[in-house]
Amino acid sequence: MNAPTFADVAAAARRIEGHARRTPVMTSRTVDAALGAKLFFKCENFQCMGAFKFRGAFNALSRLDPGSRARGVIAFSSGNHAQAVALSARLLGMESTIVMPSDAPVAKMEATRAYGAQIIPYDRYREDREEITRGLATARGLSVIPPYDHPDVIAGQGTAALELLNDTGPLDSLYVCLGGGGLLAGSALAAKALAPRCKIYGVEPEAGNDGQQSFRSGTIVHIGVPDTIADGAQTQALGRYPFEIIRRDVTDVLTASDAQLVDCMGFFAARMKMIVEPTGCLGFAAARAAGTQLAGQRVGIIVSGGNVDLGRFAQLLGSGAGASREISTAADQAR
Ligand SMILES: *Cc1c(COP(=O)(O)O)cnc(C)c1O
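Residues numbered from 1 in each chain as written. Predicted model: local features only at pLDDT ≥ 70, side-chain atom pairs only at ≥ 80, totals over all residues. Heavy atoms only, no water.

(A) Molecular detail of the overall build of the chain. On a plain count of helices and strands, the chain comes out with 16 helices and ten strands. A globule of 335 residues ought to have a C-alpha radius of gyration of about 20 Å, and the chain, at 19 Å, matches this closely. Expressed along its principal axes, the backbone C-alpha trace of the chain runs to roughly 65 × 40 × 40 Å. Residues counted as buried form 58% of the 335 residues belonging to the chain. Considering only contacts within the chain whose residues lie at least 6 apart along the sequence, 73% involve residues at least 24 apart. Accessible area of the chain: about 13,900 Å², with a carbon and sulfur share of 48%. Here the chain contributes 34 positively and 32 negatively charged side chains, and the mean placements of these two sets differ by 6 Å. (Helix = DSSP H or I, 4+ residues; strand = E, 2+ residues; numbered from the N terminus. Rg over C-alpha atoms; globule rule 2.2 N^0.38 Å. Buried < 20%, exposed > 50% of the residue type's maximum accessible area, 1.4 Å probe, protein only. Contact = heavy atoms within 4.5 Å. Areas by Shrake-Rupley, 256 points an atom, 1.4 Å probe, with all protein chains shown as cover. Lys, Arg positive; Asp, Glu negative; His and termini not counted. Charge placed at Lys NZ, Arg CZ, Asp CG, Glu CD.)

Printed below as a string of structure tokens:
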């Protein structure tokens, strides 16, 4: 398969139109006053099923030929990709099978099943999910839909940044959450085409900076499963397709700590009335940390998703009491 280009992102945007939501771009005077910049938040927490992953999954499924469509699709994931594939399959009238760890949160299993997927549980300590997936795919003729290492998935993910830039016009910098790199690679394709001077930053959890190491060393670095609350970015390595685009088009890869993520979750909830999952806060966390370096700039932030169990959300915010006090104080002084 060929690496995706901006033309593929534009084609994906036409394909998902009327199926994916055109999510809002939000602003905050408090943030702008604190940073002396103009920030634009692309709110994929309001996307269908609660995260941008719907874009890539729907695009990839739409591209399958009729025979493959009739046989159905399979994916392995315990997170947003599972729900994205399940929902896209249902909307396109296809069968989906999701391979999920048997100890995945009940709420996630239920949500995925509610979208019509057949769930195949596996023991993540004893079994290899990729082997199980490949076995089922071969036996049943299913198409495997990977979460990030696929041209059609990357092109679909790029439509969020494409919409953002169409709404805002050129930006000086763009901050994107980074796991396996599908979202960052797609965003980079869109930004390079629509705002060539825009600096593009990937942001990953401090505890799992394989993307940063890979970007800086020029070869894909593998790490153990990182210990972080950002469960959507607990990837162990960048995908090959994303990496080629990231090393060519991205300005740098930054990191954010769990404490910074909790702080941003609190800020989004208190000031912008939004529930954002920990992973969805990565981009904003790095922009906040850049602080006055962003003064005078127009800055895009991809808020990637909002799927967090409410009990967990409350627990994290409780542990980070005082979140967003710092930034609101700065803003109050600026007023
Ligand atoms: C999957 C996911 C990411 C990371 O996306 P990649 O394409 O794997 O880099 C970020 N945020 C959320 C909410 C996700 O579900």
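(B) A look at the packing of helix H1 (residues 6-16) against helix H3 (residues 53-62). One way to put it is that H1 packs onto H3 with a least axis distance of 10 Å and a crossing angle of 90°. Classified by the interaxial angle, the pair formed by H1 and H3 is roughly perpendicular. Two secondary-structure elements touch here, H1 through Ala12, Arg15 and Ile16 and H3 through Arg55, Phe58, Asn59 and Ser62. Tallied by class, residues from the contact of H1 with H3 come to three nonpolar, two polar and two charged. (Axes fitted to C-alpha atoms, helices over the stretch in contact; angles between N-to-C directions. Parallel < 35°, antiparallel > 145°, perpendicular 65-115°, else oblique. Nonpolar A, V, L, I, M, F, W, Y, C, P; charged D, E, K, R; others polar.)

(C) Inspection of the site of the ligand at higher detail. Around the ligand lies a shell of 16 residues, among which Lys53, Asn80, Gly179, Gly181 and Ser304 are the nearest. The contact in question runs from an oxygen atom of the ligand to an N or O atom on the backbone of Gly181, over 2.8 Å. Within the contact set of the ligand, an oxygen atom lies 2.9 Å away from a backbone nitrogen or oxygen of Leu183. Here the ligand has 380 Å² of accessible area as a free molecule, and 97% of this is covered by the chains. (Near = heavy atom within 4 Å. Polar contact = N/O pair within 3.5 Å; in protein donor to acceptor, adjacent residues only side chain to side chain.)

(D) Layout of the pairing of strand E10 (residues 298-303). Across the six residues that make up E10, a large majority, five, are buried. Relative to E10, strand E7 (residues 173-177) is paired through three bridges, and the arrangement is parallel. Opposite Ser173, over in E10, you have Val299 as the bridge partner. (Pairing = 2+ DSSP bridges.)

(E) Structural context of the sheet that holds strand E4 (residues 96-101). Strand order across the open sheet formed by four strands is E5-E4-E3-E6, with parallel pairing between neighbours. For this open sheet the edge positions go to strand E5 (118-122) and strand E6 (143-144), each flanked by a neighbour on one side alone. Of the pairings in the sheet, the one linking E4 to E5 comprises five bridges and is parallel in character. Within E5, the residue paired with Met100 across the bridge is Pro121. Contacting E4 and E5, helix H6 (residues 106-114) crosses the sheet at an angle of about 175° to E4.

(F) Here's a closer look at the pairing of strand E8 (residues 199-205). Within E8, six of the seven residues are buried, which leaves it mostly tucked inside the rest of the structure. In the sheet, E7 pairs with E8 via five bridges, with the strands oriented parallel. Its bridge partner lying in E8, Val176 is registered against Gly202. Between the parallel pair E7 and E8, the chain is carried across by helix H10 (residues 182-194), and the sense of this crossover is right-handed. Two elements, E8 and strand E9 (residues 252-256), share five bridges in a ladder whose sense is parallel. Paired with Tyr201 across the two strands is Asp252, which belongs to E9. (Right-handed = clockwise from strand over helix to strand, strands pointing away.)

(G) Fine view of the packing of aromatic side chains. Following the criterion strictly, the structure yields six aromatic pairs and no others. For the ring pair Phe41 and Phe284, a centre distance of 5.2 Å and an interplane angle of 80° mean the geometry is edge-to-face. With Phe41 in strand E2 (residues 38-43) and Phe284 in helix H14 (residues 282-290), the pair connects residues that are 243 residues apart, well separated along the chain. When the ring of Phe54 is compared with that of Phe58, the centres are 5.5 Å apart and the planes differ by 40°; the resulting orientation is tilted. Here the residue Phe54 and the residue Phe58 both occupy positions in helix H3, the gap between them amounting to four residues, near one helical turn. (Phe/Tyr/Trp six-rings, centres within 6.5 Å; stacked < 30°, edge-to-face > 60°.)

(H) Spatial organisation of the side chain of Thr23. With respect to the element layout, Thr23 can be found in the loop between H1 and strand E1 (25-26). Judged by its relative accessible area of 3%, Thr23 is buried. Once you skip the residues sitting within four places of it in the chain, Thr23 turns out to touch Lys42, Cys43, Glu44, Phe46, Gln47, Arg55 and Glu163.

(I) Structural detail: the environment of Val221. Along the polypeptide, Val221 turns up in the loop between helix H11 (210-217) and helix H12 (240-249). Residues Val221 and Asn209, spaced twelve residues apart in sequence, show a C-alpha to C-alpha distance of 9.3 Å. In this structure, Val221 is in contact with Asp210, Gln213, Ser214, Gln236 and Ala237, ignoring residues within four places of it in sequence.

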